[in-house]
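Okay, here's what each chain looks like letter by letter:
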Amino acid sequence: MCIRDSLITGNEAGALGSIFGGVNVVAWYPITPSTSLVDSVLDYQYLRKDPETGKMTLVVVQAEDELAAIGMLVGAGFSGARAMTATSGPGISLMAEFSGLAYYAEIPCVIWDITRMGPSTGLPTRTSQGDLLFTHVLGHGDTRQLCLLPATPEEAFEFGWRSFDIADKAQMPIFILSDLDLGMNNWMSEPFTYPDEPIQRGKVLDAEQLEGFIKEHGKWGRYMDVDGDGITYRTLPGTDHPMAAYFARGTGHNELAAYSERTDDWVNNMNRLRKKYQTVREMLPKPISDIDPVKKVGILSFGTNDPAIEEARDLLEKQGIATNYMRVRALPLAKEVTEFINTHERIYIPENNFDGQLYQIICLDHPQDLTHLKSLPLGDGLPMTAQWLFNKIMAVEK
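Here's what I pulled together on the structure shown here. (Residues numbered from 1 in each chain as written. Predicted model: local features only at pLDDT ≥ 70, side-chain atom pairs only at ≥ 80, totals over all residues. Heavy atoms only, no water.)

Next up on the list: helix α14 (residues 386–397). An α-helical turn contains 3.6 residues, so a residue and the one three or four places further along point in the same direction. Here α14 is twelve residues long and its end C-alpha atoms lie 16 Å apart, about the 16 Å a rise of 1.5 Å per residue gives. Of the positions making up α14, those classed as buried are Ala386, Trp388, Leu389, Phe390, Ile393 and Met394. (Helix = DSSP H or I, 4+ residues; strand = E, 2+ residues; numbered from the N terminus. Expected span 1.5 Å × (residues − 1). Buried < 20%, exposed > 50% of the residue type's maximum accessible area, 1.4 Å probe, protein only.)

On the surface, Phe20, Tyr46, Leu47 and Met56 cluster together to form a nonpolar patch covering roughly 390 Å² of accessible area. Note on placement: Met56 falls in the loop between α2 (35–44) and β3 (59–62). Using a relative accessible area of 40% as the deciding quantity, one classes Met56 as partly exposed. (Patch = residues over 30% accessible without salt bridge, like charges linked within 9 Å, V, L, I, M, F, W, Y side chains within 5 Å. Areas by Shrake-Rupley, 256 points an atom, 1.4 Å probe, with all protein chains shown as cover. Salt bridge = Lys/Arg side-chain N within 4 Å of Asp/Glu carboxyl O.)

With that out of the way, let us pick up the pairing of β3. One face of the sheet, then the other: side chains in a regular strand alternate in exactly this way. Relative to β3, strand β2 (residues 25–28) runs parallel, the two sharing four bridges. Each residue of the ladder has a partner; that of Val25, found in β3, is Val59. For the crossover that starts at β2, traverses α2 and ends in the parallel β3, the hand is right-handed. (Pairing = 2+ DSSP bridges. Right-handed = clockwise from strand over helix to strand, strands pointing away.)

Geometrically, a pair of aromatic rings is defined through the distance of the ring centres and the angle of the planes. All chains considered together, the criterion is met by eight aromatic pairs. A centroid spacing of 4.8 Å and a plane angle of 15° characterise the contact between Phe20 and Tyr194, whose relative ring orientation is stacked. Of the two residues, Phe20 is situated in helix α1 (residues 10–20) and Tyr194 in the loop between β9 (186–189) and α9 (207–217); the sequence distance between them amounts to 174 residues. What makes Phe20 partly exposed here is its relative accessible area of 36%. Tyr194 gets classed as partly exposed once you look at its relative accessible area, which sits at 27%. Site record: aromatic cluster; members linked through ring pairs are Phe20, Phe157, Phe192 and Tyr194. (Phe/Tyr/Trp six-rings, centres within 6.5 Å; stacked < 30°, edge-to-face > 60°.)

A few words now on the nonpolar core. Ranked by internal contacts, the top residues of the largest apolar core, which has 52 residues, are Ile111, Leu132, Leu149, Trp220, Leu300, Leu333 and Ile362. In terms of residue count, the dominant contributor to this core is helix α3 (residues 66–79) (six residues). When sequence neighbours within four positions are dropped, the list of residues in contact with Ile111 reads Ile70, Leu73, Thr85, Thr87, Ile92, Met95, Pro173, Ile174, Phe175 and Ile176. (Core = buried A, V, L, I, M, F, W, Y, C linked by side-chain atoms within 4.5 Å. Contact = heavy atoms within 4.5 Å.)

A word on the side chain of Thr9. Summarising the element assignment, Thr9 is placed in strand β1 (residues 6–9). Residue class for Thr9 comes out buried when judged on its relative accessible area of 10%. Aside from chain neighbours lying at most four places away, what touches Thr9 is Leu182, Gly183, Met184, Asn185 and Asn186.

Relative to the assigned elements, Cys363 resides in helix α13 (residues 357–365). Put simply, Cys363 and Leu373 are ten residues apart on the chain and 9.4 Å apart in space, counted from C-alpha to C-alpha.

Within the open sheet, the five strands sit side by side as β10-β12-β11-β14-β15. Their pairing is mixed. The open sheet terminates on both sides in strands that have one partner only, identified here as β10 (288–290) and β15 (373–377). The mean inter-strand angle of the sheet, taken between neighbouring strand axes irrespective of direction, is 15°. In this sheet, strand β12 (residues 323–328) lies alongside β10 in antiparallel orientation, the contact comprising three bridges. Looking at the pairing, Ser289 lines up with Met326 of β12. (Axes fitted to C-alpha atoms, helices over the stretch in contact; angles between N-to-C directions.)

Here is the structure:
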């Protein structure tokens, strides 16, 4: 652990976390406000120098565009490297098809989205949380992507390394949705807690383990769910076993990774992916909560709205309005969010986008009556303020 507080940007913290997470490959194309994250990877790259050979153990490649960058990530993730990129909303748009390939072929990789104002080119130097819904369902067809939602430099550092473990264990791409406010502005940060656990690669079989798998199950297939949790076993290219090779298919496939257009193969695979999605939900960071069961008014939000919410709660308390607060840190939503929704008379959902996207995601996941939820969207390009939130809640409460 660091021994003193520091002044640092979220992009620098995320880059340092990625270094400690064992990143091997960074492929990117510059775009405001994410460029300084990869610049910081280059600044900290010396920490990954092999002490015996003096050689660097990670490579940074500036691609010709965002499509090439995410394509490199998919190839690197398939080969067993820990691969990441950093971009913003326009880059996420270009990465949609490859992200869907990684989701369906089940290839791990990490994508940072330092969100700026959209749509289109929008306001490149203003902050936003407007990519939340788009990123969560990125990719055509029935796709649900994993998202981490940091609020502080400490969480940017933690999610920087933890995201690789989650991606490897889930065999999925994972998106870290920061924003310009956190990414490019200086924040006072408490000391980082460095990883105190070994790197977790998930269900990867070497030659000896593959042989044991075949003896136990009679065969090995890349998409065989023998554990019943939706997560299958994989091998890496170069594994010295005659049965280790497979096609990482973005087309329809059966459990042996063979091409198939059979409807039962397709439905079985989609059901398994949905089961995996529920399994992975438990691997994600849990919400941060401040809850007193006596209080019946709740605030539910995410990310860098946190300082404004904490100050607004103090202002509301002085007006006799006591609130509980839950800050979501990942998508899919944790079961604690459902409990929070079901135990309050009114819940306000402030967020820094124009459409109330977290509110929409909650409505998608909770088909019951949600008339007690009040969406408070902002989306003006600036960080949320306590006075704005106080005025919005008071207009309903008084």
